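Here's the letter readout for the chains.
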Number of protein chains: 2
Amino acid sequence: MENIFSDRITDVPKSFIREILKVTIDDSIISFAGGLPNRQFFPVRGLQKAANDVFADAGSEILQYANSEGYLGLRQFIADRYRKQEGLDIPVDDILITTGSQQGLDLLAKTFLNEGDDLIIEEPGYLGAIQAFSLCRPHFHPVPVQEGGMDIAALAQVLRKRHPKLFYTVTNFQNPSGISYIDENRKDVARLIQGRSCLIIQDDPYGDLRFRGDRRISFKRLLPENAILLGSFSKTVAPALRLGWLVAPPPIMEKVIVAKQAADLHTDYLSQRILHRFLHDNDIDAHIATIIHQYGRQKEVMVDAIKQFFPAGVQSTNPDGGMFLWATLPEGLSSMRLFEAAIAKKVAFVPGTPFYINRKDTNTLRLNFSCSDEPTIIEGIRRLGASIRELT
Amino acid sequence: MENIFSDRITDVPKSFIREILKVTIDDSIISFAGGLPNRQFFPVRGLQKAANDVFADAGSEILQYANSEGYLGLRQFIADRYRKQEGLDIPVDDILITTGSQQGLDLLAKTFLNEGDDLIIEEPGYLGAIQAFSLCRPHFHPVPVQEGGMDIAALAQVLRKRHPKLFYTVTNFQNPSGISYIDENRKDVARLIQGRSCLIIQDDPYGDLRFRGDRRISFKRLLPENAILLGSFSKTVAPALRLGWLVAPPPIMEKVIVAKQAADLHTDYLSQRILHRFLHDNDIDAHIATIIHQYGRQKEVMVDAIKQFFPAGVQSTNPDGGMFLWATLPEGLSSMRLFEAAIAKKVAFVPGTPFYINRKDTNTLRLNFSCSDEPTIIEGIRRLGASIRELT
């Protein structure tokens with residue numbers, strides 16, 4: 001059985017994070033490595049009641065094959081929410097329920113990418129997107145993100161020479177960096193993309209988890225023809241259900257549905273019905289407010305602890321929402337070396353390298369603040385600071 | 001926004017069946033067109049109780065991100081079942097939970113197929129497989145199936161000239177034809193494949209729905225190195241949950257998991273836990289026995305009605321299980337023309353064409369017997385017989 005694998009599967013970067021998470025299963029380790037929402041906020045009772053109610057009311061219908069687009073009631077909920085939150089008028093027919101927003105990436109890769117097509121991705125960027133796109137073997141053009149958003153000069157330089165089909169961005173509290181694009185930056189990006197055959201994939205799993213500041217303008221408003229939106233219930237309700245969505249205009253949706261059918265026929269319909277019932281019977285905004293309050297406090301504690309315990313040469317972001325912040329060590333200090341030193345002190349994080357295209361090592365790291373309580377954050381950052389000092 | 005789509009997405013055959021199903025939504029139409037299990041057998045109360053119990057017992061754990069391989073308890077159940085039913089010793093690590101067995105096809109296509117790679121598919125073959133594989137643009141080599149299994153001479157002829165990487169087969173009560181491979185035919189296929197770098201994908205969604213005869217030998221026993229197994233709970237429990245599985249040896253599984261992570265991170269974990277609890281607390285074999293009893297009777301009624309109402313020149317299969325049978329009209333009689341005539345008489349089926357690679361029209365059709373009661377089957381076949389007579 002020789003040479004049996006496809007070229008594409010050998011291109012996909014192995015999930016380094018997966019390997020790291022194995023190390024951190026040890027309960028004695030303080031882990032800032034995870035990318036999980038805090039399970040203490042999962043609405044166990046609410047979803048249990050919703051499940052019980054849909055079984056009682058809808059019976060066998062919720063167990064049959066369903067349409068590929070997803071449950072109409074759930075898509076209507078999403079459309080209503082876009083209208084309420086952002087004043088966006090999205091027809092339900094432009095909304096597809098996906099098996100997590102990760103699947104949206106897979107479907108878009110299949111729908112648009114030929115081998116070697118140009119694609120713009122943030123640097124650092126979301127690893128799951130790098131993996132999903134890699135399967136279609138595009139030419140990645142990483143463009144740096146920094147405080148306030150994308151490096152516009154670097155973006156302009158790529159666009160002078162290349163004709164990217166796709167531009168992938170997590171505009172709010174990005175994974176891994178916690179960076180958000182301010183409105184002015186979004187407008188600058190839109191001006192550069194306008195008039196091009198380039199789709200902006202605006203992936204927004206964390207948008208509802210804003211601790212401070214106002215909601216920013218959507219690319220759907222700035223460039224309605226070019227914008228594709230991805231959303232997720234994983235961070236606001238629960239990830240296990242794998243329920244996300246994709247918004248695209250009809251000519252694109254028609255092709256995406258073909259990819260969806262080939263991928264899994266449709267997303268778990270029982271879970272769609274349970275989630276819809278839960279959203280109907282509960283105040284999701286009140287629920288999200290509780291999550292934000294806690295995550296916001298934990299972020300503040302982490303930022304304060306960093307100020308107290310990290311050497312002055314370490315930079316870090318101070319996100320307005322989400323689950324992660326990003327630290328940059330002094331030039332030349334390897335975050336892989338720091339990882340080893342930190343594990344010896346029983347604290348873990350994700351080194352930045354997997355979030356870049358083709359980098360062997362970096363001086364950056366991702367720190368998760370959603371899953372640790374305040375004393376644990378302080379102790380973990382103290383240990384991490386001590387590890388950094390050892391290496392400098 | 002010109003020329004933005006990928007080449008692959010334009011290759012995927014549009015689901016003609018989807019279009020047909022739209023026609024048959026009209027309640028006054030007797031439909032043999034669907035591919036659905038009969039919802040009267042969905043264990044609504046059992047799954048409701050299982051859902052309630054896992055929420056009560058496991059709490060927030062069932063709502064968190066989970067591992068890509070799937071819930072260990074469910075994989076153990078599958079391994080135990082292979083041992084009990086077929087004497088196969090499958091390590092749990094060789095089992096991946098997939099988002100329906102349709103996803104297994106998507107993952108295997110990605111893992112193995114470069115553009116232009118040779119792939120053997122049955123003729124007629126499962127449309128969902130044709131769609132999933134098409135996205136990786138292989139060179140399809142259709143090999144006819146007939147009473148008793150594959151046309152061995154035709155298979156040998158393909159293998160003399162080509163080196164297929166994948167061989168896709170539904171060996172039991174195939175969709176669309178209802179045909180099963182007898183043991184001798186399986187052994188003949190295995191002899192031809194042995195020693196080649198060719199994987200046999202044995203997709204078996206209907207295997208448990210056997211009305212008569214004994215279980216046949218698995219390719220996992222005949223060619224353990226070459227066999228990949230796909231399975232599904234859609235026809236034995238309920239399709240809405242999108243729960244299937246894939247069995248592959250470790251070097252292959254390692255790559256398939258990479259594709260799985262990129263596709264949707266993991267399959268809905270809440271549904272995995274609910275299904276596992278249901279399987280643990282209920283006698284699934286007793287449940288399946290009830291389904292088989294009914295489907296078997298309905299199949300007999302359809303076969304008898306065909307004998308009574310169809311003209312002598314129409315051939316049809318008489319399956320030992322599953323949900324479909326296959327009819328072949330006299331040479332030159334278009335099943336698309338018949339479809340139009342039949343709709344006028346308020347009866348629907350799926351014309352055979354979409355189950356072939358590159359055929360414009362055929363004289364074959366698929367008839368579903370799982371979803372209609374006995375009087376409806378008799379009346380529908382009577383009308384269909386009258387439609388055939390009109391055209392001959």
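Figured I'd write up the structure that's included with this text. (Residues numbered from 1 in each chain as written. Chains lettered and ligands numbered in written order. Predicted model: local features only at pLDDT ≥ 70, side-chain atom pairs only at ≥ 80, totals over all residues. Heavy atoms only, no water.)

Further remarks concern the overall build of chain A. Helix and strand counts for chain A stand at 14 helices and 14 strands. Its C-alpha radius of gyration of 21 Å places chain A within 12% of the 21 Å reference for a compact globule of 392 residues. By its C-alpha atoms, chain A is 60 × 55 × 55 Å across when sized along the principal axes. Across the 392 residues of chain A, 66% fall into the buried class. Restricting to contacts in chain A with at least 6 residues of sequence separation, those with at least 24 account for 75%. As displayed, chain A offers around 14000 Å² of accessible surface, 48% of which is attributable to carbon and sulfur atoms. (Helix = DSSP H or I, 4+ residues; strand = E, 2+ residues; numbered from the N terminus. Rg over C-alpha atoms; globule rule 2.2 N^0.38 Å. Buried < 20%, exposed > 50% of the residue type's maximum accessible area, 1.4 Å probe, protein only. Contact = heavy atoms within 4.5 Å. Areas by Shrake-Rupley, 256 points an atom, 1.4 Å probe, with all protein chains shown as cover.)

All right, on to the relation of the copies chain B and chain A then. With an RMSD of 0.0 Å, the operation that places chain B on chain A is a rotation of 180° combined with a shift of 0.0 Å along the axis. Taken together, the turn and the small shift mark the pair as related by a two-fold rotation axis. Same-surface contact between copies: 100% of interface residues of chain B are shared with the interface of chain A. (Least-squares fit on C-alpha atoms with pLDDT ≥ 70 in both.)

Moving on, we get to the pairing of strand β8 (residues 227–232) of chain B. Within a regular strand, the side chains alternate between the two sheet faces. Residues and elements named next belong to chain B. Among the six residues that make up β8, six are buried, leaving the element largely enclosed by the rest of the structure. Of the two faces of β8, the one lined by Ala227, Leu229 and Gly231 and the one lined by Ile228, Leu230 and Ser232 are each fully buried. Of the strand pairs in this sheet, strand β7 (residues 199–203) and β8 are connected by four bridges, and their pairing is parallel. In the sheet register, Ile200 faces β8, and the bridge partner there is Ala227. (Pairing = 2+ DSSP bridges.)

On to the pairing of strand β4 (residues 139–146) of chain A, then. All names here are of chain A. With six bridges joining them, strand β3 (residues 118–123) and β4 adopt parallel strand pairing. When the sheet's bridge partners are listed, Glu123 is paired in β4 with Pro144. You can see the chain leave β3, run along helix α6 (residues 127–134) and come back into β4, and the turn it takes is right-handed. Across two bridges, the pairing between β4 and strand β5 (residues 149–150) is antiparallel. Within the sheet, the bridge partner assigned to Gln146 lies in β5 and is Gly149. Between β4 and the antiparallel strand that follows it, β5, lie two residues; Gly148 among them carries a positive phi value of about 95°. (Right-handed = clockwise from strand over helix to strand, strands pointing away.)

Here we take up the sheet that holds strand β11 (residues 324–328) of chain A. All names here are of chain A. In space, the four strands of this open sheet follow the order β10-β11-β14-β13, with antiparallel pairing throughout. Edge strands, defined here as strands with exactly one partner in the open sheet, are β10 (315–316) and β13 (350–351). Bridge count between β10 and β11: two bridges; the pairing is antiparallel. Counterpart to Ser316 in the pairing with β11 is Ala327.

Let us now look at the environment of Leu192(B). Residue and element names in this part refer to chain B. Its place among the elements puts Leu192 in helix α8 (residues 183–193). Sequence spacing of Leu192 and Pro375 is 183 residues, and the spatial spacing of their C-alpha atoms is 45 Å. Leu192 has contacts with Ile152, Leu155, Ala156 and Leu159, leaving out every residue within four places of it along the chain.

Further remarks concern the interface of chain B and chain A. The interface of chain B with chain A comprises 85 residues on the first partner and 85 residues on the second. Taken over both partners, the interface formed by chain B and chain A buries close to 6900 Å², and the fraction arising from carbon and sulfur atoms is 59%. Broken down residue by residue, the surface that chain B buries against chain A is led by Phe5(B), Leu63(B) and Tyr65(B), which jointly contribute 10%. Our enumeration of links across chain B and chain A arrives at two salt bridges. With a shortest N-O distance of 2.6 Å, Lys110(B) and Asp106(A) are connected by a salt bridge. Taken together, the connections running from chain B to chain A amount to 36 residue pairs in polar contact (both at pLDDT 80 or more). Elements with a contribution of two residues or more to the side of chain B that touches chain A: α1 (7–11), α3 (44–58), α5 (100–112), α6 (127–134), α10 (250–264) and α11 (269–281) of chain B. (Buried area = accessible area lost by both parts, 1.4 Å probe. Salt bridge = Lys/Arg side-chain N within 4 Å of Asp/Glu carboxyl O. Polar contact = N/O pair within 3.5 Å; in protein donor to acceptor, adjacent residues only side chain to side chain.)

We now examine the packing of aromatic side chains. Going through the model one piece at a time under the given rule, you end up with 24 aromatic pairs over all chains. Seen from their ring centres, Phe5(A) and Phe112(B) are 5.5 Å apart, and the 15° between their planes marks the pair as stacked. One end of the pair, Phe5(A), is in the segment before α1 (7–11); the other, Phe112(B), is in helix α5, on a second chain. Residue classification places Phe112(B) among the buried residues on the basis of a relative accessible area of 0%. Within the aromatic cluster, the residues linked to one another by ring pairs are Phe77(A), Tyr82(A), Phe233(A) and Trp245(A). (Phe/Tyr/Trp six-rings, centres within 6.5 Å; stacked < 30°, edge-to-face > 60°.)

Residues and elements named next belong to chain A. Looking at the element boundaries, Val237 is found in the loop between β8 (227–232) and β9 (243–247). According to the relative accessible area criterion, Val237 is buried, its value standing at 3%. Sequence-wise, Val237 and Ile288 are 51 residues apart; in three dimensions their C-alpha atoms are separated by 8.3 Å.

In terms of residue burial, α6(A) counts as a mostly covered element, since eight of its eight residues are buried. For α6(A), the full list of buried residues reads Leu127(A), Gly128(A), Ala129(A), Ile130(A), Gln131(A), Ala132(A), Phe133(A) and Ser134(A).

All right, on to helix α13 (residues 335–344) of chain B then. All names here are of chain B. Within the sequence span of α13, burial applies to Ser335, Leu338, Phe339, Ala341 and Ala342. Backbone nitrogen of Met336 and a side-chain oxygen of the N-cap are separated by 3.1 Å at the start of α13; the cap is Ser334. Within two residues after α13, Lys346 carries a phi angle of roughly 65°, on the positive side.

Moving on: the side chain of Asp268(B). Mapping Asp268(B) onto the fold places it in the loop between α10 and α11. Summary of buried charges: Asp268(B) has no salt-bridge partner, and the nearest side chain of opposite charge, Arg242(A), is 7.8 Å away. Polar contacts involving the side chain of Asp268(B) include one to the side chain of Ser271(A), which spans 2.4 Å. Aside from chain neighbours lying at most four places away, what touches Asp268(B) is Ala240(A), Leu241(A), Arg242(A), Asp268(A), Ser271(A) and Leu243(B). (Lys, Arg positive; Asp, Glu negative; His and termini not counted.)

What follows concerns the packing of helix α3 (residues 44–58) of chain A against helix α11 (residues 269–281) of chain A. For any two helices packed against each other, the geometry comes down to the angle between their axes and how far apart the axes lie. Residues and elements named next belong to chain A. The interhelical angle for the contact between α3 and α11, taken along N-to-C directions, is 115°, at an axis separation of 8 Å. Put simply, α3 runs roughly perpendicular to α11. Taken as a pair, α3 and α11 cross one another with a handedness that is right-handed. Touching Gly46, Leu47, Ala50, Ala51, Asp53, Val54, Phe55, Asp57 and Ala58 of α3 are Leu270, Arg273, Ile274, Arg277, Phe278 and Asp281, all from α11. Residue composition of the contact of α3 with α11, grouped by class: nine nonpolar, one polar and five charged. (Axes fitted to C-alpha atoms, helices over the stretch in contact; angles between N-to-C directions. Parallel < 35°, antiparallel > 145°, perpendicular 65-115°, else oblique. Left-handed = near helix turned anticlockwise from the far one by under 90°. Nonpolar A, V, L, I, M, F, W, Y, C, P; charged D, E, K, R; others polar.)

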